[in-house]
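# Results of the structural survey
Here are the chains, one letter per residue:
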Amino acid sequence: MTFHINDWKIPGFPKGSRQPLYMLGMLAITLVLILGIILGSALKSGKRTDGLYYQAAGIRPDAQLLRIEDQIISAEEYLYWLAYDCEYLIANAGQIDFSAQVTEDMTYAQYVKADALETVKLYAIIRQWAEDNNIQLTEDDLNALAAEREQMVTYYGDEKTYLQQVQILGISEEAFDAINSVYYLYARVFREYTEGSLRPTDAQLTAYGQSNGFHTAQLLFLSTEGMDETALAAQKATAEEYAKQLKEAEDVAAKYAELAAQMNLPATEVGQTFTADQADSALIAALDAMQDGQVSDVIQTEKGFYVAIRMPLDLTALAKGQFDDRLAQARAGVQIQYNERLYNSIDAGSFYEKLSQGREKLAETFSANNPNDSDDAAGSQANNSQN
């Protein structure tokens, strides 16, 4: 920005008066304020030099790597999920050349970095929504977290060995506990949005369901896959008999429950809720032509026969669906501030290779210092990172 002091006009200051001196003072104040905003919003590089993540990535664990909404994401949190993604990929695909292309525009290294970013976005949004709506962990949640930790201590034999396992992961216990707590925080946020004070009104949910093509129905399904014509005819006759029984029943709900149990089908009083892209088009067309409570004739699809009872839209299911949609939209549109120098310096392949080497070396050190410990620390770290 270029400041042209003499071009500025201040009411009450005639041209040629002390306006330039006044504006010099105002300019100095403005520059100080701008500099303060810039420095205040800058993501810090951190001070800590402990842990395997620092050794593997050369980034201080407490460095502020990202700002997502009002949430600061430390390097430690991001690298935890990056390591998790690398482990998951290798566990499912074998040894990976991270420089190889997954797609025309993306290498494996870029893929795991992007996936780790999606995870921290999700966690940040949940924390943000919780803060915005004063949603906190309950005493039961904290007790459950403590019980999980105690289970892990028992599994590894003692407190010391458990803490060594966390060290082998590369993360501090504080950060590890904070990440694990989001599972419970998510449940609290989800419950508040679907059952509590943040739940949309019934009218809003109904409008959401209708505009997004949701249907609720109780279904009986008889598969026809692999059947010859004789078996197909017999299956259709069975479906027709079920439709007849339902239409003639005095208590349709009881008859449906009886038939569903007879067929070993899951059944609820409210039915199943789904969208048009989740069901066969013939089933959707039939439901669209029905009224709530009406029993269908036999509906033939490519994979089998349906007999359906159209039900009122399940508002509880819609509240859950709308929450999922809102969360997906929030993740897609969230504003992210990067500590570009640090984030761009992360080479996923090099990071994971150094991390794996550091883990093996640290596990060997702990094993040498704990000769009675029979657990293979290095071998168990991948499972630990998923807890």
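Above this text is the structure in question.
Moving on, we get to the overall build of the protein chain. From N to C terminus, the protein chain includes 15 helices and 9 strands. Taking all 387 residues of the protein chain together, the buried fraction comes to 39%. Here the analysis covers contacts within the protein chain between residues at least 6 apart in sequence; of these, 67% occur between residues at least 24 apart. Looking at the protein chain as shown, the accessible area adds up to about 22100 Å², and 50% of this sits on carbon and sulfur atoms.

Before going further, it helps to examine helix H9 (residues 229-248). Taking 1.5 Å of rise per residue, the 20 residues of H9 would be expected to cover 28 Å, and the 29 Å separating its terminal C-alpha atoms lies within 8% of that figure. The complete set of buried residues in H9 reads Gln-235, Ala-239, Tyr-242, Ala-243 and Leu-246. Viewed end-on, H9 has its buried residues packed into an arc of 100°, placing them on one side of the element. Exposed and oriented more than 90 degrees from the buried face of H9 are Glu-229, Thr-230 and Glu-248.

This next bit is on the sheet that holds strand S5 (residues 214-223). Strand pairing within a sheet occurs via backbone hydrogen bonds; the two strands may be parallel or antiparallel. Reading across the sheet, the 4 strands line up as S6-S5-S8-S7 and stay open at both edges, with antiparallel pairing between neighbours. Taken across any chain shown, the strands that pair with only one partner, and hence form the sheet edges, are strand S6 (272-275) and strand S7 (299-300). Here S5 pairs with strand S8 (residues 304-311) via 8 bridges, running antiparallel. Counterpart to Ala-217 in the pairing with S8 is Arg-310.

On to a negative patch on the surface, then. Together, Glu-69, Asp-70, Glu-131 and Asp-132 make up a negatively charged patch on the protein surface. Looking at the element boundaries, Glu-69 is found in the loop between strand S1 (64-68) and strand S2 (71-74). A residue is classified by how much of its surface remains accessible, and Glu-69, at 40% relative accessible area, is partly exposed.

Moving on, we come to the pattern of salt bridges. Summed over all chains, the structure comprises 14 salt bridges. Lys-121 is the salt-bridge partner of Glu-118, the closest N and O atoms lying 2.9 Å from each other. Remark: Lys-121 and Glu-118 occur in helix H4 (residues 108-132); sequence separation between them is 3 residues, near one turn of the helix. Where Arg-331 meets Glu-118, a salt bridge forms, and the shortest distance between an N and an O atom there is 3.6 Å. Remark: Glu-118 occurs in helix H4 and Arg-331 occurs in helix H12 (residues 315-333); sequence separation between them is 213 residues. Here the salt bridges share partners, and the residues they tie into one network are Arg-48, Asp-50 and Glu-76.

Another aspect to go through is unusual backbone geometry. One non-glycine residue, Glu-69, lies in positive phi territory at about 55°. At Asn-134, a position not held by glycine, the phi torsion is positive, near 55°. Looking at where Asn-134 falls in the secondary structure, it is placed in the loop between H4 and helix H5 (139-156).

The nonpolar side chains of soluble globular proteins are, as a tendency, buried together. Of all hydrophobic cores here, the largest spans 60 residues; its most connected members are Leu-66, Tyr-78, Leu-82 and Ile-171. Setting aside its immediate chain neighbours within four residues, Ile-171 contacts Tyr-53, Glu-76, Tyr-80, Val-166, Phe-176 and Ile-179. Counting 15 residues, the second largest nonpolar core, distinct from the first, contains Ala-239, Ala-260, Ile-309 and Met-311.

Reading the values: the criteria
- Along every chain, residues carry numbers that run from 1 in the direction the sequence is written.
- With the structure being a predicted model, the display of local features is reserved for residues of pLDDT at least 70 and the display and counting of side-chain atom pairs for 80 or more, all residues being used for whole-chain, interface and lining totals.
- To obtain the side-chain values, all non-hydrogen atoms of the structure were included, while hydrogens and water were left out.
- We count a stretch as a helix when DSSP gives it H or I for four or more residues in a row; a strand needs E for two or more, and each element gets its number in order from the N terminus.
- Think of it in three bands: residues with accessible area under 20% of the maximum for their type are buried, residues over 50% are exposed, and the middle band is partly exposed, with areas taken using a 1.4 Å probe on protein chains only.
- Whether two residues touch is decided by their heavy atoms; if any such pair falls within 4.5 Å, the residues are in contact.
- Accessible areas in this description were obtained via Shrake-Rupley with a 1.4 Å probe; residue shielding takes into account the shown protein chains only.
- Expected helix span is given by 1.5 Å per residue-to-residue step, counting one fewer step than there are residues.
- This arc describes the spread of directions from the helix axis toward the C-beta atoms.
- Two strands are said to pair when DSSP picks up at least two bridges between them.
- Note on patches: the residues involved have over 30% relative accessible area and no salt bridge, like charges join within 9 Å, and the nonpolar side chains Val, Leu, Ile, Met, Phe, Trp and Tyr join within 5 Å.
- Basic side-chain nitrogens of Lys or Arg form a salt bridge, by our definition, when they fall within 4 Å of a carboxyl oxygen of Asp or Glu.
- Residues scored as charged are limited to Lys and Arg (positive) and Asp and Glu (negative), so that His and the chain ends carry no count.
- In plain terms, the charge of a residue is placed at NZ if it is Lys, CZ if Arg, CG if Asp and CD if Glu.
- As used in this record, nonpolar core signifies buried Ala, Val, Leu, Ile, Met, Phe, Trp, Tyr and Cys residues forming a set joined through side-chain atoms within 4.5 Å.

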